[in-house]
Amino acid sequence: MQCFEQETGVTESKIKAGKTGTRHFLVQRVTALVNVPLVLFLLCTLIANLDKDYAGVQAYLARPLVAILMLVFILSGFWHMKIGMGEIIEDYVYGRATKKLAGLLNLLFPLIVGAACIFAVVKISLGL
Amino acid sequence: MAMSIAHRISGVALYLGTILLAGWLLAVASGPEAYQCAQAVVTSIPGRVVMVGYSWALLHHMLGGLRHFIWDLGFGFELGTVEWMARATIAGSFGLTILVWFIGYAVL
């Protein structure tokens, strides 16, 4: 979709066709499917450990199976949520600058929160 | 239609709520004192309400996503099917929430 500069005499921003639409669509579905068993397993086991004391929770999170599944869930889940929020931004946010800013925030938020989660899980499971 | 916007809204709520997950994990990683603080928040009444609400949003979003996935594969566009899938999503989200919490507390 291009705006004709000659007719208006004003340089409009050219809205380019997105190139990553299909990839986002597929990644969204794949991460969604991966998330289904992960969420069910992690929810149940997390709830079972909520009331335990520090040692109990630490032992639970340090178990290799739990730690690895947690890390996989963090990667898959945060990627999924980034794409999902990206679609919301595409639908509801107008204006060049605002949209770019929203896109940037949507990159930083999952990145930072995800990095914090990964750091915490690794630190707990390595016993540091 | 309401289900689609509910799917979106639950997605946004889950997105923002990951801060809570990160906070809890960091509390566990920071040692017993920090963890006790986090546990006090989580096991408080408002904390438990948030926990149940978040798990409900997660399961509702998951079932809604599966609904969309069925449509992606090309099935389930008849009006009757759409209706019962929507009802199944709502009922399933409540049922699954109860089931997950039951498994978490009573079984594990």
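Refer to the structure printed above.
Residues numbered from 1 in each chain as written. Chains lettered and ligands numbered in written order. Predicted model: local features only at pLDDT ≥ 70, side-chain atom pairs only at ≥ 80, totals over all residues. Heavy atoms only, no water.

A. Main features of the environment of Leu40 of chain A. Within the fold, Leu40 of chain A resides in helix α2 (residues 21–49). Using a relative accessible area of 27% as the deciding quantity, one classes Leu40 of chain A as partly exposed. Aside from chain neighbours lying at most four places away, what touches Leu40 of chain A is Leu59, Met62 and Val100 of chain B. (Helix = DSSP H or I, 4+ residues; strand = E, 2+ residues; numbered from the N terminus. Buried < 20%, exposed > 50% of the residue type's maximum accessible area, 1.4 Å probe, protein only. Contact = heavy atoms within 4.5 Å.)

B. Quick peek at helix α3 (residues 54–62) of chain A. Looking at α3 of chain A, one finds that the buried residues are Gly56, Val57, Tyr60 and Leu61 of chain A. For α3 of chain A, the angular spread of buried residues about the axis comes to 125°, placing them on one side. (Arc of directions from axis to C-beta.)

C. Local environment of the packing of aromatic side chains. Residues and elements named next belong to chain B. Tallying each qualifying case throughout the model produces 5 aromatic pairs over all chains. Ring geometry for Trp24 versus Tyr35: centroids 6.5 Å apart, planes at 65°, classification edge-to-face. Here Trp24, found in helix α1 (residues 2–29), pairs with Tyr35, found in helix α2 (residues 32–43); they are 11 residues apart in sequence, far enough to count as distant. The burial state of Trp24 is the same as that of Tyr35; both residues are buried. Where Trp56 meets Phe94, the ring centres are 5.4 Å apart and the plane angle is 35°; that geometry is what we call tilted. (Phe/Tyr/Trp six-rings, centres within 6.5 Å; stacked < 30°, edge-to-face > 60°.)

D. Quick look at the pattern of salt bridges. Under the defined criterion, the tally for this structure stands at 4 salt bridges over all chains. Salt-bridge contacts for Arg8 of chain B lead to Asp91 of chain A; the nearest nitrogen and oxygen are separated by 2.5 Å. You can see Arg8 of chain B sitting in helix α1 and its partner Asp91 of chain A sitting in helix α4 (residues 64–92), one on each of two chains. Arg87 of chain B serves as the salt-bridge partner of Glu83 of chain B, at 3.5 Å between the closest nitrogen and oxygen. Taken together, the residues Glu83 of chain B and Arg87 of chain B, both in helix α4 (residues 79–107) and 4 residues apart, mark about one turn of the helix. (Salt bridge = Lys/Arg side-chain N within 4 Å of Asp/Glu carboxyl O.)

E. Layout of the interface of chain A and chain B. Contacts between chain A and chain B engage 40 residues on the former and 37 residues on the latter. With both sides pooled, the region where chain A packs onto chain B buries about 3400 Å², and carbon together with sulfur makes up 79% of that total. Ionic pairing is found between Asp72 of chain B and Arg29 of chain A, a salt bridge with its closest N-O pair at 2.6 Å. Our count for the contact surface shared by chain A and chain B stands at 12 residue pairs in polar contact (both at pLDDT 80 or more). Looking at the side of chain A that touches chain B, the elements with two or more residues in it are α2, α3, α4 and α5 (96–125) of chain A. Top contributing element to the side of chain A that touches chain B by residue count: α2 of chain A, with 13 residues. A per-class count over the side of chain A that touches chain B returns 29 nonpolar, 4 polar and 7 charged. (Buried area = accessible area lost by both parts, 1.4 Å probe. Polar contact = N/O pair within 3.5 Å; in protein donor to acceptor, adjacent residues only side chain to side chain. Nonpolar A, V, L, I, M, F, W, Y, C, P; charged D, E, K, R; others polar.)

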